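# Structural overview for review
Now for the letters of each chain:
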Amino acid sequence: MESKRRPKTPAKTSSTSPEGVRLQKLISEAGVASRRAAERLILDGRVMVNGRAVRELGTRADPVSDDIRVDGRRLPKPERRHLLMYKPRGYVSTRSDPEGRPTVIELLERAKIRGYFYPVGRLDYDSDGLLILTNDGTFAERLMHPRYQLERAYEARVRGVPDQKAIERLRKGVPLDGQRTQPAGVSVLRVMEGKSTPQAVVDVVLKEGRNRQVRRMFEAVGHPVLRLTRVRIGTIRIGDLRPGDIRELSPREIQSLVKTKDARLKTKEGL
C-alpha cells in the first residue's frame, strides 16, 4: 500500500520585511513564468524559499534577503538599494494603510522610483523628517535591532517651557506602559512666543523606538508636542533636504551606520 506523503511545511520567509512580496509576483517579474503559471509552480512544490518547499499561494518573501529557487534555479536578486526620504507630515510610514491614508510608498511612485521598498522603522503620521527605505532585509534588520541602539535625534516644539526638573525626568526616563524609557539626551534649543503660552524647541536623542515615544514622553511631563521632526538617524543629518525629497544613501553613509553600530556592539560585549 502506497504511503501518503505529508506536505512539507511552508518555508519561513524573512521577518525583516513587514509584508514581503507574493512569490508568484516575484517569479513573474523575474521572467520565469506568467503569474498564473507561477501559481501552478508553487502548488506543484517546485518553488523553494530558504531551502524549503512552498505550496501556499499566499506565501510572501523578501526579494533581496531570501533565497528563492524554481526547479533548483535561483531567482536573480534585485540590486540592494537604500533611500533617504524627508517624510512630510500627513503620510503613513508603511507600505499600505487600512484607513486609506497616503503612504510613503506613494511618494516613491511619484518620484518614479521603481522596485519593492519598505520603511526601516516608523515615523508618525503627524511627524516629519528623516526616514530610511530599503529593499535590503539584512541591512534593515541591523538598523532596527535594539542591541545596536542606533541614535535618532528629533526637534520637538512643545507647549510651554520645560523646567530643569522636567528635563531631568526626560533624561533619566519616564514610565510608559509600565516600563521606564531609556536615558535620553534632552536640551532646550530655544524659546519662542506662542499664541497663548510660550513654546520651546527641544533637542531629543533616543536609542530606542517605542510607539509615539517622544510625544508620550513630553505628555508625561506636561508639555505636549506641537510639532515633531526627526533630524538625524545615526550619523546622517537632515541637511538641506526638504519635505518630499528622496535620495540614495551614499556608500560612505551606509558604512558609517554599520560601523557605528558594530563599534557599540563590540563595546557592550567586550569584544
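About the cut-offs
- Residues numbered from 1 in each chain as written.
- Predicted model: local features only at pLDDT ≥ 70, side-chain atom pairs only at ≥ 80, totals over all residues.
- Heavy atoms only, no water.
- Helix = DSSP H or I, 4+ residues; strand = E, 2+ residues; numbered from the N terminus.
- Buried < 20%, exposed > 50% of the residue type's maximum accessible area, 1.4 Å probe, protein only.
- Pairing = 2+ DSSP bridges.
- pLDDT = per-residue confidence, 0-100.
- Contact = heavy atoms within 4.5 Å.
- Core = buried A, V, L, I, M, F, W, Y, C linked by side-chain atoms within 4.5 Å.
- Polar contact = N/O pair within 3.5 Å; in protein donor to acceptor, adjacent residues only side chain to side chain.
- Arc of directions from axis to C-beta.
- 1 Å grid on protein atoms, 1.4 Å probe; cavity = no way out; pocket = protein on both sides within 12 Å on 5 of 7 lines; lining within 4 Å.
- Points joined across faces, edges and corners; volume = space filled by probe spheres on them.
- Nonpolar A, V, L, I, M, F, W, Y, C, P; charged D, E, K, R; others polar.

Phi is positive for Lys112, close to 60°, though the residue is something other than glycine. One can find Lys112 in the loop between helix 3 (104-110) and strand 8 (118-120). For Lys112, a relative accessible area of 70% corresponds to the exposed category.

Taken together, 4 strands build an open sheet; the order of strands is 3-2-5-6 and the sheet is antiparallel. The open sheet is flanked by strand 3 (52-54) and strand 6 (73-74), the only strands paired with a single partner. By the bridge criterion, 3 bridges tie strand 2 (residues 47-49) to strand 5 (residues 68-70) in an arrangement that is antiparallel. Of the residues in strand 5, the one forming a bridge with Val49 is Ile68.

With that out of the way, let us pick up the confidence of the model for the protein. Of the residues in the protein, 89% reach a pLDDT of 70 or more, and the chain-wide mean stands at 87. Low pLDDT, under 50, characterises residues 1-18; the predicted model gives this stretch 33 contacts beyond four residues in sequence or across chains. Note on residues 261-271: pLDDT is under 50 here. Beyond four places in sequence and across chains, it has 16 contacts.

Residues Leu23, Ile27, Val47 and Ile132 are the most contacted members of the largest nonpolar core, which totals 34 residues. Within the second largest apolar cluster, 21 residues are counted, among which are Ala166, Leu176, Ala184 and Ala200.

Mapped onto the fold, Asn135 is located in the loop between strand 9 (128-134) and helix 4 (137-144). Look at Asn135 and you get buried, because its relative accessible area is 6%. Reaching out from Asn135, the side chain makes a polar contact with the backbone oxygen of Glu79 at a distance of 2.8 Å. At 2.8 Å, the side chain of Asn135 forms a polar contact with the backbone nitrogen of Arg81.

By the burial criterion, the buried members of helix 5 (residues 164-172) are Ala166, Ile167 and Leu170. One face of helix 5 carries all of its buried residues, which in axial projection span an arc of 100°. Turned more than 90 degrees away from the buried face of helix 5 sit Gln164, Lys165 and Lys172, all of them exposed. Looking at the packing, one finds that the buried side of helix 5 touches strand 13 (185-192) and helix 6 (213-220). Backbone geometry just after helix 5 places Gly173 at a positive phi near 115°.

The next point concerns the layout of surface pockets. The calculated volume of the largest pocket comes to roughly 890 Å³. Elements that contribute at least two residues to the lining of the largest pocket include exactly strand 8, helix 4, strand 10 (152-159), helix 6 and strand 15 (225-233). Along the walls of the second largest pocket sit 29 residues, with Val21, Lys25, Glu29, Gly115 and Tyr116 positioned nearest its centre. Residues belonging to the lining of the second largest pocket are distributed by class as follows: 13 nonpolar, 3 polar and 13 charged.

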